[in-house]
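Results of the structural survey
Residues per chain are reported as follows:
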Amino acid sequence: MSLNGIWELKKIALRNLARHKVKTVLTSAAIMISVAVYIFMSSWLGGMAVESRRNIVNYDMSAAKLQTKLYFERKDELPSYENFKNWERYRDALNREGFNAAPRFVFNGTLFSNSGSAPMRFNAVDPAAEKSVLHYASYVDFGRYPQNGMFELAIGTTAAEKLRVGIPTRPRRLELEELIRQAAQSDTPNEEFIRSLYETANMSGGLFNVAAETHIAGNERMALKRNVSRGDLDRLWELIAATDRNNVRINAVIDIKAVPETIRPTLWEGELMTSLREEDKELVEAAYTYEEFIGVYLLTEEDEARKDQILSAMIRAGFRGAVRHVNQLVDAVVVGVINSPDPVPNGNIGYIPIDVLQDESGMMLEGAVTELLIRRKDAPYTELPGADESSKAIAAALERGLGEPLPDYLAVFFWMDYMKDYLGYEALQTTAPQVLAALLLFISFLGISNTILLAVLERTKEIGMMRALGMTDRQMITAYMLEAGFLGFIGSVLGMILGCIVNYPMVEYGLNISAMADSLGNSGVGFRVTAIMRSVWNIPVIFGSGITATVLASFMAYFPTRRAVKMPITDSLRFE
Amino acid sequence: MFQITKKNVSISVLTLLIAVATATPAPTAEELLRRVDNNEVYNTIEYEGEMIIEHNNRRFVKTMKAWGRGNTHSFIEFLNPEDRGTRYLRRDGRLFVFSPDMEDVMLISGHMLRESMMGSDMSYEDAINNEPLADRYDAVIAGSETLNGREAWVLDLTARRRTESYPKRKLWIDKENGDLLRYELFALSGARLKEFNLLRAEVIDGRRFPVESEVRDLLRRNSKTTFIMRNVVLDKPLPDAIFSQRNLKR
Amino acid sequence: MREIHRILVIKGVYRMVVIKAENVTKDYALDGQVVNALRGVSLEFGSGEFSAIAGPSGSGKSTFLHLAGCLDTITGGTMTVDGADAGKMSKQELALLRRNKIGFIFQAYNLIPVLSVEENISFPLTLLGINKKEIKERTAKVLKEVGLADMAKRRPKEMSGGQQQRVAIARALIKKPAIILADEPTANLDSTIGREILELMVALNKSEGTTFIFSTHDTMVMDYARRLIRIRDGQIESDVVK
């Protein structure tokens with residue numbers, strides 16, 4: 001069709017839209033709202049994703065880790081026996097090249113308080129170094145961060161609540177009274193002081209209340225007042241620390257990798273030989289001799305390097321005898337409670353100085369660490385690690401600083417490699433709401449479909465006449481798709497504008513959801529976000545959704561029009 | 001003044017020799033330990049048992065039937081309603097469990113071994129670890145104590161290898177009948193982790209058996225597990241099929 | 001070529017066959033039943049005719065007109081329109097044929113409500129892809145011919161029935177079609193206006209030489225027609241040239 005013809009169709013389409021103003025307005029309003037909602041939702045989710053990534057880097061992982069490859073392979077099991085020594089060399093090399101490095105030994109265990117126990121992940125750290133790569137240490141709600149040389153811990157606020165350690169934030173009255181009795185020690189001003197810090201809790205539970213608590217007269221729930229000063233909190237902590245409330249015991253198992261001196265025949269045949277790789281069997285068989293008199297296989301290999309190989313082979317095969325577990329129970333004191341913007345340090349995690357765990361009174365670390373956390377010295381808090389903090393860049397810097405290549409068994413792992421599971425989870429989280437929004441979009445298009453259907457029906461005679469005048473079916477369909485497309489376009493443009501208007505304050509100022517986050521508890525939201533949620537601009541989504549809406553709208557006209565042109569012209573003309 | 005004369009010396013030596021010959025020799029720590037290791041030596045054993053777990057003011061009674069061969073093979077089937085169908089097989093140094101809910105056999109390995117068995121005070125690791133103590137520990141007699149009216153040797157055990165699960169143990173051994181009356185397990189720091197007490201022993205086929213005993217996990221508050229053995233039959237021929245995976249799944 | 005024919009036709013010298021129906025049948029389904037609307041109609045129409053097909057309702061007169069106008073397809077026989085065999089053409093080809101060669105005037109005017117008078121009239125030309133300037137000229141001319149020059153910008157809903165029908169006539173004429181098929185064009189008009197319209201069409205038939213074929217049961221139309229074909233129950237009863 002000529003340009004003229006298209007213009008004529010466009011004219012007809014636009015005039016038809018103007019003809020039925022109410023319908024046009026309503027339908028495009030539906031599209032406008034869907035587009036705006038979609039834009040808002042993806043910007044919001046985008047903002048949450050950025051925020052949670054920032055939180056992972058700033059409070060949990062830092063930019064990268066130096067670790068043994070074998071550890072990384074099984075990192076979910078926390079194989080603490082895959083550690084490495086001489087980490088100071090690497091730290092110094094990194095410092096020379098402009099990076100901060102903090103050592104860590106991570107192990108699993110159970111923390112016992114006077115009220116109960118909880119499984120915990122323990123991070124043995126160097127307090128000063130930690131603060132140079134991560135920021136959670138600035139969020140010690142109560143108490144302080146542990147110091148070198150002491151058996152003391154900082155634990156997450158969730159663990160503190162569960163174990164009833166530190167300052168209780170929402171105790172029941174009887175528990176509070178008992179605490180007052182112990183802490184104040186019959187000193188009336190102290191008693192009154194403690195009581196003054198608490199008030200009856202709001203029982204409704206807030207916005208996301210799962211189960212409103214039952215009110216038990218005489219044992220109602222109390223809450224720490226929100227406006228208590230730091231000075232008062234410190235004083236309260238002092239009083240509590242004088243009781244035994246903060247005394248804890250760490251029960252952990254020390255995993256030691258060692259080639260077994262002796263192996264019983266049943267284990268040799270039943271477990272070891274069946275799980276070793278073919279190429280390793282010869283090596284292992286050569287290292288042991290069957291001692292008939294005692295009835296065991298005895299280790300005869302002396303060479304350390306070969307023993308290491310044997311050890312690796314056994315660990316690879318999952319042979320139990322190669323990793324021994326020594327039970328340990330250590331007394332310690334909780335000196336601080338962490339409440340950071342990221343849920344990880346707030347959970348069942350304990351931070352303890354690494355120096356006290358070096359010998360048998362601790363975890364027999366003897367200078368080993370499971371990882372070195374790395375961050376560029378001047379890395380800004382608000383930005384994610386860039387190319388200069390990639391694993392390649394850091395490995396190169398490390399080698400430069402060392403003056404030699406990195407040992408084969410060590411590697412640098414970028415935080416994203418480490419968090420692949422989380423990032424996958426995050427993708428899932430963003431997909432679901434977006435699918436929802438897309439569904440919303442689709443439903444509004446059913447509205448257009450309906451509008452077009454009615455319009456086509458109404459204009460059956462007109463359509464018949466135009467066909468009689470010689471308009472082909474294809475032209476007819478194009479005309480109506482144009483009309484619907486315009487409708488979609490109007491809705492899209494308005495929707496994009498509306499979406500941007502709503503987004504602007506969300507990006508600039510964000511939404512403070514502290515209250516909501518509080519009633520949800522730390523792990524309720526599923527994202528590692530602060531109490532202020534911010535959106536980000538997502539230009540492709542904004543234009544993409546607008547274009548999609550227009551195209552989809554146009555498409556909605558296809559089927560009704562096609563049906564109309566299938567009708568014989570004479571019937572159309574007769575249609576009333 | 002005692003004069004060192006030839007006669008005096010010979011009398012002294014003679015007296016000494018007689019004393020040595022007639023006196024009851026005090027056992028060495030290692031001997032005691034070996035005797036404990038060799039307690040309960042049998043070819044096969046079959047018995048009905050009970051495991052009573054008391055924890056947090058709750059009481060669970062689990063009944064079972066058990067078979068064993070030597071120190072290496074055992075098969076236990078639980079009979080009480082809540083656990084009916086749960087079966088354990090220990091052989092070749094491995095521990096398998098069949099769970100009727102999952103209808104599947106699982107190998108218990110790695111960190112799972114440290115878990116409590118059926119919620120009791122015993123861990124899986126405790127249940128399968130039975131290498132002779134004398135090989136793994138250096139023993140020293142720390143003295144004597146009276147325990148429940150019985151005179152007992154107190155033994156302090158220190159692990160020979162730094163990779164030993166419990167770096168220290170303490171044993172109370174009945175001076176008269178050699179029963180292991182009590183033992184305590186310690187962490188590397190010396191903190192007490194577990195406690196075992198013999199409640200009642202019986203002579204079966206000429207051997208002494210701890211038919212009633214209790215274990216306490218000291219990290220759990222107010223927790224103890226009592227083990228009772230009944231109808232113990234020793235050295236009856238048991239078909240190998242009992243200690244098979246097929247027997248777990250049937 | 002066309003112009004030569006036209007002049008020759010007007011001069012009564014040359015007669016071209018514009019529509020040739022041979023034994024045309026048309027069946028359609030109605031409520032599950034088959035209705036035989038046309039049972040073998042054979043007719044020929046030459047250029048410049050001013051002819052009417054008359055009959056009671058249901059006789060098939062409108063049906064024949066629609067088939068001649070290629071608005072519908074025949075069931076049997078052949079229908080040749082301006083030399084083209086309509087039975088062998090696709091929907092698209094038929095549409096193009098209508099676009100180029102056939103004009104329609106209907107009882108219900110069927111004007112496009114969102115377009116102005118002159119836009120309605122020029123619509124067929126835009127379909128034909130004719131340039132704007134020519135469209136403007138021809139529209140102005142045709143508006144004058146139907147006497148609506150001062151109503152060019154009005155919308156159909158602002159006009160009387162007679163005026164709307166004039167627009168329809170103008171629209172049909174503007175593309176200088178071979179045939180104009182008028183299906184009961186006076187049915188919605190009172191007799192005075194109807195007469196005016198008929199006078200107009202007669203004048204246009206004379207000046208342009210366009211073939212006019214009516215389907216009607218209006219005696220006034222029948223009087224004006226130079227040839228009267230009577231049809232009943234789907235078959236031709238009589239065919240008289242006055």
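Residues numbered from 1 in each chain as written. Chains lettered and ligands numbered in written order. Predicted model: local features only at pLDDT ≥ 70, side-chain atom pairs only at ≥ 80, totals over all residues. Heavy atoms only, no water.

Here's the deal with the overall build of chain B
Counting its regular elements, chain B contains five helices and 13 strands. Summarising its shape, the C-alpha atoms of chain B cover approximately 85 × 45 × 35 Å along the three principal directions. Of the contacts formed within chain B by residues at least 6 apart in sequence, a portion of 42% connects residues at least 24 apart. For chain B, the exposed area adds up to about 13600 Å²; of that, 52% sits on carbon and sulfur atoms. In chain B, 39 positive and 38 negative side-chain charges are present, and the distance between their average locations comes to 2 Å. (Helix = DSSP H or I, 4+ residues; strand = E, 2+ residues; numbered from the N terminus. Contact = heavy atoms within 4.5 Å. Areas by Shrake-Rupley, 256 points an atom, 1.4 Å probe, with all protein chains shown as cover. Lys, Arg positive; Asp, Glu negative; His and termini not counted. Charge placed at Lys NZ, Arg CZ, Asp CG, Glu CD.)

A closer look at the confidence of the model for chain A
Residue and element names in this part refer to chain A. For chain A, per-residue confidence averages 84 on the pLDDT scale, and residues scoring 70 or more make up 92% of the total. For chain A, helix 19 (residues 514-520) is the element with the lowest average pLDDT, namely 56, and strand 13 (residues 349-353) is the one with the highest, namely 95. Below pLDDT 50 for its whole length, residues 205-210 participates in eight contacts with residues either more than four positions away or in separate chains. This stretch, residues 521-530, has a pLDDT under 50; its non-local contacts, to residues over four places away or in other chains, come to 35 contacts. (pLDDT = per-residue confidence, 0-100.)

Describing the sheet that holds strand 2 (residues 33-46) of chain C
All names here are of chain C. The sheet built from four strands is open, its strands ordered 2-1-4-5 with antiparallel pairing. Because the sheet does not close on itself, it has two edges, and the strands there are strand 2 and strand 5 (84-85). With eleven bridges joining them, strand 1 (residues 17-30) and strand 2 adopt antiparallel strand pairing. From the neighbouring strand, A21 faces strand 2, where its bridge partner is L43. Along the sheet face, helix 2 (residues 61-68) touches strand 1, strand 2 and strand 4 (76-81) and points at about 60° away from the line of strand 2. (Pairing = 2+ DSSP bridges. Axes fitted to C-alpha atoms, helices over the stretch in contact; angles between N-to-C directions.)

A few points about the interface of chain B and chain A
At the junction of the two partners, chain B supplies 26 residues and chain A supplies 28 residues. Summed over both sides, the interface of chain B with chain A buries roughly 2500 Å², with 52% coming from carbon and sulfur. Among the residues of chain B in contact with chain A, R162, L188 and L219 of chain B are the three that bury the most area, contributing 26% of the side total. In this assembly, chain B and chain A are joined by one salt bridge. Put simply, E366 of chain A and R162 of chain B hold a salt bridge, and the shortest N to O gap is 3.6 Å. Those elements that provide at least two residues to the side of chain B that touches chain A are helix 3 (124-128) and strand 11 (192-204) of chain B. (Buried area = accessible area lost by both parts, 1.4 Å probe. Salt bridge = Lys/Arg side-chain N within 4 Å of Asp/Glu carboxyl O.)

Some thoughts on helix 10 (residues 265-275) of chain A
Turning to helix 10 of chain A, its buried residues are L267, W268, G270, E271, L272 and M273 of chain A. Buried residues in helix 10 of chain A make contact with strand 9 (262-263), helix 11 (278-287), strand 10 (288-291), strand 11 (296-299) and helix 12 (304-317) of chain A together with strand 5 (94-99) of chain B. (Buried < 20%, exposed > 50% of the residue type's maximum accessible area, 1.4 Å probe, protein only.)

Regarding the environment of V259 of chain A
Residue and element names in this part refer to chain A. Mapping V259 onto the fold places it in the loop between strand 8 (247-257) and strand 9. Given a relative accessible area of 13%, V259 falls into the buried group. Along the chain, V259 and S312 lie 53 residues apart, while their C-alpha atoms are 9.2 Å from each other. Among all residues touching V259, those that are not within four sequence positions of it are Y288, L299, K307, I310 and L311.

Details of unusual backbone geometry
A positive phi is found at S62 of chain A, a non-glycine position, where the angle reads about 60°. Turning to its location among the elements, S62 of chain A is positioned in the loop between helix 2 (21-61) and strand 1 (64-68). Of note, K176 of chain C is a non-glycine position whose phi angle comes to about 50°, a positive value. With respect to the helices and strands, K176 of chain C occurs in the loop between helix 6 (161-173) and strand 7 (179-183).

Remarks on the interface of chain A and chain C
Contacts between the two partners involve 28 residues from chain A and, on the opposite side, 30 residues from chain C. Roughly 2600 Å² is buried in total at the junction of chain A and chain C, and carbon and sulfur atoms are behind 60% of that figure. Connecting chain A to chain C are three salt bridges. Measuring nitrogen to oxygen at the nearest pair gives 3.1 Å for the salt bridge that ties K91 of chain C to D473 of chain A.

Thoughts on the arrangement of the chains
Once contacts are tallied for each of the two pairs of chains in contact, the highest total is for chains A and C. The two units chain B and chain C never meet; even their closest C-alpha atoms stay 63 Å apart.

Notes on the pattern of salt bridges
Going through the model one piece at a time under the given rule, you end up with 74 salt bridges over all chains. Residue K65 of chain A is joined to E371 of chain A by a salt bridge in which the shortest nitrogen-to-oxygen separation is 2.7 Å. Of the two residues, K65 of chain A is situated in strand 1 and E371 of chain A in strand 14 (residues 371-376); the sequence distance between them amounts to 306 residues. K65 of chain A gets classed as buried once you look at its relative accessible area, which sits at 6%. A residue is classified by how much of its surface remains accessible, and E371 of chain A, at 2% relative accessible area, is buried. When the shortest N-O distance is used, the salt bridge between K62 of chain B and D83 of chain B registers 2.9 Å.

Observations concerning a nonpolar patch on the surface
Residues and elements named next belong to chain A. On the surface, a nonpolar cluster with roughly 790 Å² of combined accessible area is contributed by Y504, Y509, W537, I539, F543, I547 and V551. A total of four residues in the nonpolar patch trace back to one element, the largest contributor, which is helix 20 (residues 539-556). Tracing the sequence through the fold places I547 in helix 20. (Patch = residues over 30% accessible without salt bridge, like charges linked within 9 Å, V, L, I, M, F, W, Y side chains within 5 Å.)

So, the packing of helix 6 of chain C against helix 7 (residues 191-208) of chain C
Residue and element names in this part refer to chain C. The N-to-C vectors of helix 6 and helix 7 enclose an angle of 15°; their axes lie 10 Å apart at closest approach. Here helix 7 runs roughly parallel to helix 6, going by the angle between their axes. The way helix 6 lies across helix 7 gives a crossing that is right-handed. Note on element contacts: helix 7 touches helix 6 through I193, E196, I197, L200, M201 and L204, opposite G162, Q165, R166, I169 and L173. The class makeup of the residues in the contact of helix 6 with helix 7 is seven nonpolar, two polar and two charged. (Parallel < 35°, antiparallel > 145°, perpendicular 65-115°, else oblique. Left-handed = near helix turned anticlockwise from the far one by under 90°. Nonpolar A, V, L, I, M, F, W, Y, C, P; charged D, E, K, R; others polar.)

Comments concerning helix 18 (residues 473-508) of chain A
Residues and elements named next belong to chain A. Helix length check: helix 18, at 36 residues, gives a terminal C-alpha distance of 51 Å against a target of 52 Å (1.5 Å per residue), a fit within 8%. Of all the bends in helix 18, the greatest, near 25°, is centred on V502, and the proline P505 appears no more than four residues after it. G510, located one to two residues past helix 18, shows a positive phi value of around 75°. (Expected span 1.5 Å × (residues − 1). Bend = angle between axes of the 7 residues up to and from the residue.)

Some thoughts on the side chain of E220 of chain A
All names here are of chain A. Positionally, E220 belongs in the loop between strand 6 (198-200) and strand 7 (222-224). According to the relative accessible area criterion, E220 is buried, its value standing at 12%. A distance of 2.9 Å separates a polar atom in the side chain of E220 from a polar atom in the side chain of R173. (Polar contact = N/O pair within 3.5 Å; in protein donor to acceptor, adjacent residues only side chain to side chain.)

Considering the packing of aromatic side chains
Inspection of every chain in the model, using the stated rule, returns 25 aromatic pairs over all chains. The interplanar angle of 55° and the centroid separation of 4.9 Å between the aromatic rings of Y290 of chain A and Y297 of chain A together place this pair among those described as tilted. Residue classification places Y290 of chain A among the partly exposed positions, given a relative accessible area of 39%. Arranged with centres 5.6 Å apart and planes meeting at 5°, the rings of F104 of chain C and F106 of chain C form a pair that is stacked. In this structure, F104 of chain C and F106 of chain C share a single accessibility class: buried. Among the aromatic residues, those joined into a cluster by ring pairs are W268, Y288, Y290 and Y297 of chain A. Lying over the aromatic face of F193 of chain A, R235 of chain A brings its terminal NZ or CZ to 3.9 Å of the ring centre. Over the ring of W153 of chain B we find K175 of chain B; its NZ or CZ atom is 4.3 Å from the centre of that ring. (Phe/Tyr/Trp six-rings, centres within 6.5 Å; stacked < 30°, edge-to-face > 60°. Lys NZ or Arg CZ within 6 Å of the ring centre and 35° of its normal.)

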